[in-house]
Amino acid sequence: MDSLELFAHPVRLRIIHALRGGRMLTTSQLCERIPDASKATVYRHVDQLAGAGVLEVAEERRVRGAVERGYRLRQENASVDAETLASLTADDHRHAFTAAMATLIAEFSGYLDQAAADPVADLVGYRQHGIWLSLEELTTLIGALQQAIVPLLGNEPAPERARYLLSPILFPVEQPESPS
């Protein structure tokens, strides 16, 4: 299975999201975090991600005669490389975007289904802005976003931290007009 096919599945993306930030979780804990997927489905996708080297077994322990494994994300293997990205077709991008949106919808629904969910107090945001940018302005914007986000990706769970899902989406809706 190529990396696009591996990552372009909502359940696998949700498993990856759950393990970000240095977390170690068992498959049972992942099932609790993805309650709308069957246990068999979560186990199958954990197996696929582990087989592809995206997840590693961080610990094993015996529980009622069975071996329970704790998994950790191997960050260096949890993304599509630049060469693969450059080779994607329009349909590949459409498929990957659809999987990302299905994941986002499932995660947001899971959040709203929590008894303590309070979108206002939790500062939930899902705004869209149409902005006009030159290539230089676009590059500057992407750099500023990376500068703001990348240092936070290494944050580990702590009592004062809540886990958030940040999904920047950026694409042109109109191409620049050709000079006549």
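It should be emphasised that the depicted structure is a prediction, and the values quoted were computed from it without experimental measurement.

Colleague: I'd love a proper account of the overall build of the protein, names of residues and values included.
Modeller: For the protein, the helix and strand inventory stands at 7 helices and 3 strands. When the helices and strands of the protein are listed from N to C terminus, the series reads α-α-β-α-α-β-β-α-α-α. Viewed in the frame of its principal axes, the protein has a C-alpha envelope of about 75 × 40 × 30 Å. Burial statistics for the protein: of 180 residues in total, 23% are counted as buried. Accessible surface, the protein: about 13200 Å² in total, of which carbon and sulfur atoms supply 54%. For the protein, the separation between the mean place of its 17 positive charges and that of its 24 negative charges on side chains is 11 Å.

Colleague: I'd love a proper account of the nonpolar core, names of residues and values included.
Modeller: Grouped together as the largest cluster of nonpolar side chains are 20 residues, with contacts concentrated most on Ile15, Leu30, Val42, Val54 and Leu55. Residue assignment for this core shows that the elements contributing at least two residues are helix H1 (3-7), helix H2 (10-19), helix H3 (27-33), helix H4 (39-51) and strand S3 (66-73). With 5 residues, the top contributor of residues to this core is H2. Contacts of valine 54, omitting those with residues within four sequence positions, involve Leu6, Phe7, Ile16, Leu49, Arg72, Leu73, Arg74, Asn77 and Ala78. Membership of the second largest hydrophobic core comes to 5 residues, among which are Leu4, Leu13, Leu88 and Ala99.

Colleague: Tell me about helix H6 (residues 90-112), residues and numbers included.
Modeller: Here H6 contains 23 residues, and its C-alpha end-to-end distance of 33 Å stays within 8% of the 33 Å for a straight helix at 1.5 Å per residue. Where H6 is concerned, the buried positions are Ala99, Thr103, Ala106, Glu107 and Tyr111. Lining the buried residues of H6 we find H2.

Colleague: Quick rundown of the packing of aromatic side chains? Include the residues and the values.
Modeller: Here a ring pair, both rings aromatic, is described through the centre-centre distance and the interplanar angle of the planes. Tallied over the full model, the rule gives 3 aromatic pairs. Here phenylalanine 97 and phenylalanine 171 contribute two aromatic rings whose centre-to-centre distance is 6.3 Å and whose plane-to-plane angle is 85 degrees, an arrangement assigned as edge-to-face. Remark: phenylalanine 171 occurs in the segment after helix H7 (135-149) and phenylalanine 97 occurs in helix H6; sequence separation between them is 74 residues. A residue is classified by how much of its surface remains accessible, and phenylalanine 171, at 52% relative accessible area, is exposed. Ring centres 6.0 Å apart and planes at 35 degrees place the aromatic pair phenylalanine 108 and tyrosine 111 in the tilted group. On the criterion of helical spacing, the pair formed by phenylalanine 108 and tyrosine 111 is a turn pair, its members being 3 residues apart in helix H6. Accessibility expressed as a relative area gives 31% for phenylalanine 108, which makes it partly exposed. Accessibility expressed as a relative area gives 16% for tyrosine 111, which makes it buried. Members of the aromatic cluster, joined through ring pairs, are Phe108, Tyr111 and Tyr126.

Colleague: Which residues make up the packing of H2 against H6, and what values do they have?
Modeller: Where H2 meets H6, the closest approach of the two axes is 8 Å, and the angle between their N-to-C directions is 60 degrees. In terms of orientation, H2 and H6 fall into the oblique class. The interaxial crossing formed by H2 with H6 has right-handed handedness. Facing H2, whose interface residues are Pro10, Leu13, Arg14 and His17, H6 presents Ala99, Ala100, Ala102, Thr103, Ala106 and Glu107. In terms of residue class, the contact of H2 with H6 is made up of 6 nonpolar, 2 polar and 2 charged.

Cut-offs used in this document
- Residues numbered from 1 in each chain as written.
- Predicted model: local features only at pLDDT ≥ 70, side-chain atom pairs only at ≥ 80, totals over all residues.
- Heavy atoms only, no water.
- Helix = DSSP H or I, 4+ residues; strand = E, 2+ residues; numbered from the N terminus.
- Buried < 20%, exposed > 50% of the residue type's maximum accessible area, 1.4 Å probe, protein only.
- Areas by Shrake-Rupley, 256 points an atom, 1.4 Å probe, with all protein chains shown as cover.
- Lys, Arg positive; Asp, Glu negative; His and termini not counted.
- Charge placed at Lys NZ, Arg CZ, Asp CG, Glu CD.
- Core = buried A, V, L, I, M, F, W, Y, C linked by side-chain atoms within 4.5 Å.
- Contact = heavy atoms within 4.5 Å.
- Expected span 1.5 Å × (residues − 1).
- Phe/Tyr/Trp six-rings, centres within 6.5 Å; stacked < 30°, edge-to-face > 60°.
- Axes fitted to C-alpha atoms, helices over the stretch in contact; angles between N-to-C directions.
- Parallel < 35°, antiparallel > 145°, perpendicular 65-115°, else oblique.
- Left-handed = near helix turned anticlockwise from the far one by under 90°.
- Nonpolar A, V, L, I, M, F, W, Y, C, P; charged D, E, K, R; others polar.

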